[in-house]
Amino acid sequence: MCGIIGYAGGGNAAENVYEGLKRLEYRGYDSAGMAVIAPSGEVKVIKKQGKVSVLEPYIADIRGAVGMGHTRWATHGKPSDINAHPHSAGGIYVVHNGIIENYAELKEKLIAAGETFISETDSEVIAHLIKLNCDGNILTALHKTAKMLTGSYALMVMREGEHKIAVLKYRSSLIVGYGEGENFCASDRPALAGKCDKISVLEDGDFALISAEKIEIFDKDLTPVCRPKTENALTAEKLGLNGCPHYMLKELREVPQTVQNTFNSFNEVKDELSEVLSGTKRVIFLGCGTAYHAGLIGKKYFETFARIPAEAENASEFRYKDPVISRGDAVFAVTQSGETADTIEAALLAKSLGAKVIAVTNVPQSAITRCVHAVVPVAAGAEICVAATKSYVGQIAALYLCALTFAGKAVTPKEFKLLSELPAALQKTINNINVYTLAHMCARSGGVYFLGRGYDYAVALEGSLKLKEVSYVPSEGYPAGELKHGTLALIDENTVSVVLITDSALAPKSENAVEQVLSRGGKVAVITCLPAVAKRLEGKAEIILLPACNKFLSPLVSAIAVQELAYRTAVILGRDPDKPRNLAKSVTVE
C-alpha cells in the first residue's frame, strides 16, 4: 500500500514530488505529505488528510531541490493530518511504505528512553530509532535501525542539513531512476513516467543514497553493488485519460488490446513454461480478490483441457492451513501488481515445500517475479484504477494459454480462428453494450445477487466484487444452483439478481434460477451470449445480449459486461470509481 517518491536535482523538488504522488495515488489516498530541504538546509514539511490534491495550495511556497513525499493507505492510526507522513524526530524525516510488526514493543522502549510520540502510526518509531542511532552518518544509522525492525518496508530518509535521500527496501517495492542532473526513487514506475530513461529495481535488503549527482546502491552489508538498469518504457502520455472521465472506463476500453498483447507475449515464454510444468501432477492457483476469481477460471481450464486435478485457493488463507504440497505440484501465483503480500508469501511457502511456482503478473521485475520458476506476462500496461479491469481479463487469457500449453494441445486452425477473432468480439462488446437500465436498477436496489454456473459462477463472483468495490452497493455472488439453499430468503422487490448464462448445456438450469427469483417478486437481469436464451426470457427480465462466443472464452466477454455495470452504477451514485473508499490497488501488507 502507500506510495512514496523522492527527488534530488536541479529542479523544483516540491513540484516533482507532487506530480509523482498524483501518479501513485492508486496506492492509497487517505492522506498525503512531503518534506523538502531548503537551500539553507532547513526542512519544510506539509502533510494533510485527504487526497494528494490537498497539498497543491501549499507547494508554491516550498523551495528546495531535494524532497520526498508519501500518499497513505492507513494501517495503524486513522487518516488525519497528524498520522500523515513524513514523520520526524530530531531533524530526521521518514516516509514509509509497509508495516512494522514489532512497532509496539519498539515504541514502549523508546518512550521509556524519553522519546515523545505524536502520531498513532507504526512508522513514527523508525524516525526515533534513526535519530538515536545516528552518529553523523545517515546511511549507517539506517543500517543499524534496519536490524531492529520486523515487517516490511520501503523507506526514504532525509536529515536536516544534508541534500540527499537515504533509502532502504525490504519486502516492499522500491525503484531508483536515473535522470540528467537529477535522480529519483519511488514505489512504482508510474511515478517516474517521462522523468527518466533508465531505472533499477532494488533487491530486498538494498540501501541507496540519492543525490542530484549520483545514485549509490549498497547491499545489506553496505557493500557497494550494481543493479541492472532497464528502460523506463512508461510515458506521461500512456498514463493519460485519453478523453475518458475515469481511468476505469479508459482501462475497460483497453481490454481488446490487452488480450492481443497477452497472446503475443505468451509466445515468448511458452517453451520455458512447458519445461517448468513437465511432470506436474496437480495444479493450484493462488490469488486475492480479482486474481482469485481469475484462478477459479484457470482451474476449470486445466481440468477441462488437461484432465488434471486443479484447485483454486485464497492466498491469504493458503499459508495458514498447513497445505499439503508435493514435488509433482505446480502453483500459479496470480497477482496484478506482483506485490500482493499474501500471494508472495503463499508462493514462497509452496516453493519451499517443493512445488514449481509460476507467476502470472502484469508488472515485470516485480517482487513475485524474483521468487518463482517462471513468469507468464499479463500485458495490460499500467492500470491506474484501483479496481482491476483489463488486468483481470488479461489474466484469464494468460491462464487459457497456459492450460492449452500444459495439455500439449496444438493451436488448431479452429482454435487459432477463435483466438484471432476474440479481440474483435471484445471490441464489439465494448462498442455495443448497454447496461444503463440495469445500472439504475442496481443503484436503487437494497442488494444485488450475481448468479451463474460453471465459468459463469466465477464471473459472477467478479461482478459482485466489482459492484461492491466501486459503487458500495451490497452484493454477493453465488452458484445459481445454490440459490434455493438459503439465498432465496433474501429475495424481494428491493433486490436485483443478475444471472450470467453463456453455456448452452447449462442454460436450462440457470433459467430455472431466473424463474425462482421472479416467482418471489425479485427483479432479474440476464447477461447472455445465447440468442435463444434471450428470446425465451424476453419480457421477463432485463436482457444484456453479448456477441456469440466459445464457452471457454466467454468469461473474457462477460467480464466486460459486469465491469461496465459496476462502473455505470458507481457513476449514477456519484462515486469515484477510480479511488473507492478504504481501498488501495497494491496490497503490500497482510
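Structure: see above.
To keep things clear, this report deals only with the structure shown in the data block. Bear in mind that the values here come from a model prediction, so they are computed numbers and not experimental data. (Residues numbered from 1 in each chain as written. Predicted model: local features only at pLDDT ≥ 70, side-chain atom pairs only at ≥ 80, totals over all residues. Heavy atoms only, no water.)

On to the packing of aromatic side chains, then. The tally for this structure, following the rule as stated, stands at 13 aromatic pairs. With a centroid separation of 5.5 Å and 40° between ring planes, the pair formed by Y153 and Y170 is classed as tilted. One end of the pair, Y153, is in strand β7 (residues 151–159); the other, Y170, is in strand β8 (residues 165–170), with 17 residues separating them in the sequence. Taken together, a centroid distance of 5.2 Å and an interplanar angle of 20° make the contact between F285 and F332 stacked. Taken together, the residues span a long stretch of sequence, with F285 in strand β15 (residues 282–287) and F332 in strand β17 (residues 329–335) at a distance of 47 residues. (Phe/Tyr/Trp six-rings, centres within 6.5 Å; stacked < 30°, edge-to-face > 60°. Helix = DSSP H or I, 4+ residues; strand = E, 2+ residues; numbered from the N terminus.)

This part takes up the packing of helix α15 (residues 455–471) against helix α18 (residues 554–572). Axis separation between α15 and α18 bottoms out at 9 Å; the angle between their running directions is 20°. When the axes of α15 and α18 are compared, the pair comes out roughly parallel. The handedness of the crossing between α15 and α18 comes out as right-handed. Along the contact surface, α15 presents Y455, V459, G463, K466, L467, V470 and S471, while α18 presents P555, S558, A559, V562, Q563, L565, A566, Y567, T569 and A570. By residue class, the composition of the contact of α15 with α18 is 11 nonpolar, five polar and one charged. (Axes fitted to C-alpha atoms, helices over the stretch in contact; angles between N-to-C directions. Parallel < 35°, antiparallel > 145°, perpendicular 65-115°, else oblique. Left-handed = near helix turned anticlockwise from the far one by under 90°. Contact = heavy atoms within 4.5 Å. Nonpolar A, V, L, I, M, F, W, Y, C, P; charged D, E, K, R; others polar.)

If you walk through the whole model with that rule in mind, you get 30 salt bridges. For the salt bridge of E203 with R370, the shortest nitrogen-to-oxygen distance reads 3.6 Å. In this pair, E203 sits in the loop between β11 (198–201) and β12 (207–210) while R370 sits in the loop between β18 (356–361) and β19 (374–377), placing the two residues 167 residues apart along the sequence. For E203, a relative accessible area of 31% gives the class partly exposed. With a shortest N-O distance of 2.8 Å, R282 and D329 are connected by a salt bridge. (Salt bridge = Lys/Arg side-chain N within 4 Å of Asp/Glu carboxyl O. Buried < 20%, exposed > 50% of the residue type's maximum accessible area, 1.4 Å probe, protein only.)

All right, on to the packing of helix α13 (residues 413–432) against α18 then. Remark: α13 packs on α18, axes separated minimally by 10 Å, with the N-to-C direction vectors making an angle of 20°. One element, α13, and the other, α18, form an angle in the roughly parallel class. Considering only the axes of α13 and α18, their crossing is right-handed. Here L422, L426, T429 and I430 of α13 come into contact with α18, specifically with L556, V557 and I560. By residue class, the composition of the contact of α13 with α18 is six nonpolar, one polar and no charged.

This part takes up the sheet that holds strand β1 (residues 3–9). Strand order in this open sheet of eight strands is β3-β2-β4-β1-β10-β9-β11-β14, and the pairing throughout is antiparallel. Strands at the two margins of the open sheet, each flanked by one partner only, are β3 (43–49) and β14 (230–231). (Pairing = 2+ DSSP bridges.)

A separate point is the environment of L142. Looking at where L142 falls in the secondary structure, it is placed in helix α5 (residues 138–146). Sequence-distant contacts of L142, that is, excluding residues within four places in its chain, are made with I130, L155, V157, A166, V167, L168 and F207.

Moving on, we get to unusual backbone geometry. For the bond from H85 to P86, the omega torsion is 5°, close enough to zero to count as cis. Mapped onto the elements, P86 comes out in the loop between β4 (66–72) and β5 (87–89). The backbone of R171 shows a phi angle near 60°, a positive value even though the residue is not glycine. Turning to its location among the elements, R171 is positioned in the loop between β8 and β9 (175–178).

It is worth spelling out the state of the cysteines at this point. Within the structure shown, the criterion is met by zero disulfides. The thiol of C2 is unpaired, and the distance to the nearest cysteine sulfur, on C185, comes to 15 Å. The class for C2 is buried, based on a relative accessible area of 7%. (Disulfide = S-S within 2.5 Å.)

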